[in-house]
Structure formats: C-alpha cells, structure tokens
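Survey of secondary and tertiary structure
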Amino acid sequence: MKIACLAGDGIGPEIMAEALKVLDALGLEIEVAHADVGGAAYKAHGHPLPPETLELCKASDAVLFGAVGDPDCDNLERHLRPEQAILGLRQALTLFANLRPATMFPGMEDLSALRPEVAREIDLLIVRELNGDVYFGEKAIRQLDDGRRQGFDLMSYAEDEVRRIAHVAFRAAQGRGKRLCSVDKANVLETSQLWRDVMVETAAGYPDVELSHMYVDNAAMQLVRNPGQFDVVVTGNLFGDILSDQASMCVGSIGLLASASLGEDQTEYGTKGLYEPIHGSAPDIAGQGKANPMAMILSLAMLLRHSLGLEAEAARVEAAVAKALEDGIKGGDLGGSAGTSEVGDAVLARL
Ligand code: IPM
Ligand code: MG
C-alpha cells in the first residue's frame, strides 16, 4: 500500500504531522511518500501542482491532503494560485464524488451553532459532485463592446456526469438510512432541471431508496431548522461547497469534518481517492501549534476505509477521536485550549 502525503500550506503541515503519528501507531505496512503542493509548491517549483507531485498521486493508492491557500499567492494569475492544485488533482484523477459526512459527536451538542436539541439529530452525508458545474466551465473576465468588463462562469452538467454521482449517492443511501435528498435550483436553472430529471431516472434502479428533491435555498434553511431530517444529500459542485461548510457549523466546528474524494479507479484494496479536511489552510493561525488536527485525522480514517479496505482500523481511529472529544480534549475552534500536538497525542493515547 502506498499513499501520497501532500501537507500543503498554512496549518497543513502541522495537522498532517498529527495524522501521520496516528498512522504510525497503527503499525501498518504502508509506504508514505511526501510531495509539495499549493503555495508551498509554487514557491519551491513555480507551480502549485508540479508534475512530480501529480505523478506521485497517480502512482499511489490514495492521497492524504492537508490544505492549500496562501495569502502571498492571492494576486498570482489564477492558474498559479494554490487552490488550483486541489482543483487540478480532482480533475486529473477524475475524483468526481466528494463525500462529506456531518455527524454530531455525542456530548458536543453545546458546541453547535444550533440549539442542542436540534443539533443532536445531525447524522447526514453530503455527496457533492466534484468535477463539473461552474467550477470547470468556461470562465473569464471579458470586455463588452461598450467597454464594460463582464465576468462569467458557465454552469453545465452533462447527463453522464449527473448519472455517475447519482449512483454513488443512491449506493451511499442504501448503506445508511435509505433516504436521498437531491438539492438543486430547478425552479430557475436548466442545469438543475437536467440534474433533477437524471436523478429521477436513476432512482428507478434503487426502489429501496426514497428520493426527494429540495431547492438549494430551502436546503440551506432546512439545514439549520431541522438538520435531523437529512440522511444523504446529493448536490452539484457549487451548492455542495456552500452547504458542506454550513453543515460543519451545525456540527460544531469546521475543524471536525473530513472528506473523501473518490473516482472510479480501484486500487488493490478499495477505491482510489483523495482525503482532506474540509477546512482550509487557516493562514491566520498557521505555525502557532493551535490548529485542531481532528478533521485531518478523521480524513486519514476515511482513507483507511475507502482506499485501503481497512474498516477496523478506520473505526478505531474514529472512536479514538470521539473519545478524546468526550474526555474534553478541545482545540481553540471548539472553545478549548488544547494545541495541535496535544490533541494529536490525546487521540493517540486513546487509540
Ligand atoms: C473545498 C474548498 C475548495 C472548493 C477550494 C479550496 C477550491 O472550498 O474543498 O470545499 O471550493 O472546492
Ligand atoms: Mg469549500
């Protein structure tokens, strides 16, 4: 088993170090190879996703990814900005299915931005499409004939792109509560109308799953009103980006949510994928040993499960994180004072 480890920018290297401590402690025979990505890669090699980094990822069973984003790089041309590294990896590895689970950790209800009795019910999975939508459509800032500048980003989905994410979502629902809510904006967008049509068509193959539809504005509202109503949510790239950040605050902190980005390629042990916390590089606290590594450690657990077929080890890591939280080990994001390595050590001790 071989994993590519891309720590990236900001807090990436600090939280990655904690995840690697946990991986080490599991005593598995896994080869870990490191490479630069994001702003760090731009500074060292002139590109946020250097060819050798991409090659390493292609040659690995899975990619463990920290975070990218560096204010020093914000004024570079778009194709050189750190964010292009993650977008480039998602595209080059055809990682079209982004799984973002949001589950309440027992005893953590008070940390939620919602009332505890509402927060207690959260146990949902957002399945976000990751290879299409306005993210990858034609885009530019152009000058109109009358001299005004106009920005545009084409939103589009081809039916096969919707179908493949639909299958992932239906299968995920089969493995959970058998309820799938497809989120779109079909009252306004043609892209969404096609999305909805394909969801309905695909549903025919999954009679055991109950499919419902919700407009994204309503979904944003329902997510804070009654998040317990959701089991699996499937949505496009842009809506999924926004709703998953929102879901994280419903759980308590963006520092707790992990994600898996999967494609169709299989490894010897599972599905090839990239695993990353849903939070960013947090440059404001980088290098201070303050960042909560839990989302990074939980991303490692997802890697063990989905790409390496190590379900028991994945569950052990998740249980250790849950126990640490239960025992009151909290980073600053959760209103506590535990530093990055303190949280990592606490998880290790409970492993
Ligand atoms: C995410 C992030 C990325 C996205 C950025 C860093 C490009 O916000 O993974 O949710 O928009 O997909
Ligand atoms: Mg995001």
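Before any of the text, the structure's been laid out above.
Here's what I pulled together on the structure shown here. What you are looking at is a predicted structure, and each value in this text was computed from that prediction instead of being measured.

Conventions used here
Residues numbered from 1 in each chain as written. Chains lettered and ligands numbered in written order. Predicted model: local features only at pLDDT ≥ 70, side-chain atom pairs only at ≥ 80, totals over all residues. Heavy atoms only, no water. Helix = DSSP H or I, 4+ residues; strand = E, 2+ residues; numbered from the N terminus. Rg over C-alpha atoms; globule rule 2.2 N^0.38 Å. Buried < 20%, exposed > 50% of the residue type's maximum accessible area, 1.4 Å probe, protein only. Contact = heavy atoms within 4.5 Å. Areas by Shrake-Rupley, 256 points an atom, 1.4 Å probe, with all protein chains shown as cover. Near = heavy atom within 4 Å. Polar contact = N/O pair within 3.5 Å; in protein donor to acceptor, adjacent residues only side chain to side chain. Nonpolar A, V, L, I, M, F, W, Y, C, P; charged D, E, K, R; others polar. Axes fitted to C-alpha atoms, helices over the stretch in contact; angles between N-to-C directions. Parallel < 35°, antiparallel > 145°, perpendicular 65-115°, else oblique. Left-handed = near helix turned anticlockwise from the far one by under 90°. Expected span 1.5 Å × (residues − 1). Arc of directions from axis to C-beta. Phe/Tyr/Trp six-rings, centres within 6.5 Å; stacked < 30°, edge-to-face > 60°. Lys NZ or Arg CZ within 6 Å of the ring centre and 35° of its normal.

Now for the overall build of the protein chain. Looking only at helices and strands, the protein chain has 12 helices and 12 strands in total. Relative to a compact globule of 351 residues, whose C-alpha radius of gyration would be 20 Å, the protein chain shows 20 Å and is just as compact. Considering only C-alpha atoms, the protein chain reaches an extent of 55 × 50 × 40 Å along its principal axes. Residues classed as buried in the protein chain amount to 54% of the 351 residues present. In the protein chain, of all internal contacts separated by at least 6 residues, the share reaching a separation of at least 24 is 74%. Summed over its atoms, the accessible surface of the protein chain is roughly 14800 Å², and 49% of this surface lies on carbon and sulfur atoms.

A few words on the site of ligand 1. Close contacts around ligand 1 come from Glu83, Arg90, Arg100, Arg128, Tyr135 and Asp241, and that covers them all. One nitrogen or oxygen atom from the side chain of Arg90 is found 2.7 Å from an oxygen atom belonging to ligand 1. In the environment of ligand 1, an oxygen atom lies 2.8 Å from a nitrogen or oxygen atom belonging to the side chain of Arg128. Taken together, the residues of the shell around ligand 1 break down into 1 nonpolar, no polar and 5 charged.

In this section: the packing of helix H1 (residues 12-25) against helix H10 (residues 294-306). One way to put it is that H1 packs onto H10 with a least axis distance of 8 Å and a crossing angle of 45°. Taken together, the axes of H1 and H10 are oblique relative to one another. Note that H1 runs across H10; the crossing there is right-handed. Along the contact surface, H1 presents Ile15, Met16, Glu18, Ala19, Val22 and Leu23, while H10 presents Met296, Ile297, Leu300 and Leu304. In the contact of H1 with H10, the residues fall into 9 nonpolar, no polar and 1 charged.

In this section: helix H7 (residues 190-203). Spanning 14 residues, H7 covers 20 Å between terminal C-alpha atoms, matching the ideal 20 Å at 1.5 Å per step. Buried within H7 are the following residues: Thr191, Ser192, Trp195, Arg196, Val198, Met199, Thr202 and Ala203. Viewed end-on, H7 has its buried residues packed into an arc of 165°, placing them on one side of the element. On its buried face, H7 sits against strand E5 (123-129), helix H6 (159-174), strand E8 (179-184), strand E9 (210-215), strand E10 (232-235) and helix H9 (237-251).

The subject of this paragraph is the packing of aromatic side chains. For the coordinates displayed, the defined rule picks out 2 aromatic pairs. Ring centres 5.2 Å apart and planes at 50° place the aromatic pair Tyr157 and Trp195 in the tilted group. Residue Tyr157 is found in the loop between strand E7 (149-153) and H6, and its partner Trp195 is found in helix H7; the two are separated by 38 residues along the sequence. There is no split in this pair, since Tyr157 and Trp195 are both buried. The interplanar angle of 10° and the centroid separation of 4.8 Å between the aromatic rings of Phe170 and Tyr206 together place this pair among those described as stacked. Here Phe170, found in helix H6, pairs with Tyr206, found in the loop between H7 and E9; they are 36 residues apart in sequence, far enough to count as distant. The burial state of Phe170 is the same as that of Tyr206; both residues are buried. The positively charged end of Arg142 is found above the aromatic ring belonging to Phe152, 4.0 Å away from the centroid. One cation-aromatic arrangement involves Arg164 over Phe96; the distance from NZ or CZ to the ring centre is 4.3 Å.

Geometric descriptors of this kind do not, in isolation, establish any biological role.
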